[in-house]
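Listed below, chain by chain, are the residues.
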Amino acid sequence: MEPTSIEQGTSGPVRLTGEVREPAWLSMAGLRSMPQREMAVSFECRRSGSRRHFFTGPLLIDVIGAAGPLFDPGERKDRLRFLVAVLGRDGHRAVLSWGELDPEFGNTAALLAVSMDCRDLDEQGPHLVMPGDRCGARHISQVTDLRVCADERLWG
């Protein structure tokens, strides 16, 4: 199923697909219209050493939750079978578990940041921010795609 609404941003929209009721195209304006969180994040970058940045954006779990992941409503732990794949424009990618993001389980406050160090990211697109990571490997710049998948393919 293809995303339904397109809101063009300077950097192009982020495609949200997979096992969700309402796939979507997410613009920077649309992400800004969601409740925003602010956080300072520090990490060690292998190439450029220590980094510290201040980010603002909606929680990733809220962004994906708005699309309606296809959880079994009768089974509380069904959410733990779901994965979230994040792809950046440069090909950088990471896979997160729903359980690490969900407030009832890991409660990691991952952001889909729309600003960094008080500067809008409109030209670049949103960044995935994973607070608590020691290195910045799961920080993904210029996010282009979010995909929600259940684990059936792993177990076949």
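Up top is the structure these notes are about.
The notes below deal with the structure included here. (Residues numbered from 1 in each chain as written. Predicted model: local features only at pLDDT ≥ 70, side-chain atom pairs only at ≥ 80, totals over all residues. Heavy atoms only, no water.)

## So, the environment of Leu59
To keep things clear, this is the line we draw: Runs of H or I in DSSP of at least four residues are treated as helices and runs of E of at least two as strands, each being numbered from the N terminus. Categorising residues by exposure relies on relative accessible area from a 1.4 Å probe, with only protein chains included: less than 20% of the type maximum marks a residue as buried, more than 50% marks it as exposed, and the intermediate range marks it as partly exposed.
Following the sequence through the fold, Leu59 ends up in the loop between β4 (49-57) and α2 (60-65). A residue is classified by how much of its surface remains accessible, and Leu59, at 11% relative accessible area, is buried. Put simply, Leu59 and Leu128 are 69 residues apart on the chain and 9.7 Å apart in space, counted from C-alpha to C-alpha.

## A short note on the side chain of Thr144
Definition in use: Every residue pair with non-hydrogen atoms within 4.5 Å of one another is taken to be in contact.
Take Thr144: it is sitting in strand β11 (residues 143-150). Under the relative-accessibility criterion, Thr144 is labelled buried at 16%. Sequence-distant contacts of Thr144, defined by excluding residues within four places in its chain, comprise Pro13, Val14, Arg15, Leu87, Gly88 and Arg89.

## Focus: the sheet that holds strand β5 (residues 82-88)
Rules: For two strands to be treated as a pair, DSSP must find at least two bridges joining them. Only the stretch in contact is used when a helix axis is fitted, and all axes are lines through C-alpha atoms; the angle between N-to-C directions ranges over 0 to 180 degrees.
Strand order across the open sheet formed by 5 strands is β2-β1-β11-β5-β6, with mixed pairing between neighbours. Edge strands, defined here as strands with exactly one partner in the open sheet, are β2 (24-26) and β6 (93-97). Mean inter-strand twist for the sheet, computed between neighbouring axes without regard to direction, equals 20 degrees. In terms of strand pairing, strand β1 (residues 14-18) meets β11 through 4 bridges, oriented parallel. Residue pairing across strands places Arg15 opposite Asp145, the latter belonging to β11.

## What about the packing of aromatic side chains?
Keep this limit in mind: When two rings of Phe, Tyr or Trp (its six-membered ring) have centres within 6.5 Å they constitute a pair, described as stacked for plane angles under 30 degrees, edge-to-face for angles over 60, and tilted for the intermediate range.
Applying the stated criterion across every chain, the model contains 2 aromatic pairs. Between Phe71 and Trp98, the ring centres sit 5.0 Å apart and the planes meet at 70 degrees, which makes this aromatic pair edge-to-face. Of the two residues, Phe71 is situated in the loop between α2 and β5 and Trp98 in helix α3 (residues 98-101); the sequence distance between them amounts to 27 residues. Taking relative accessible area as the criterion, Trp98 reaches 4% and is therefore assigned buried. Every member of this aromatic cluster is reached through a ring pair, and the members are Phe71, Phe82 and Trp98.

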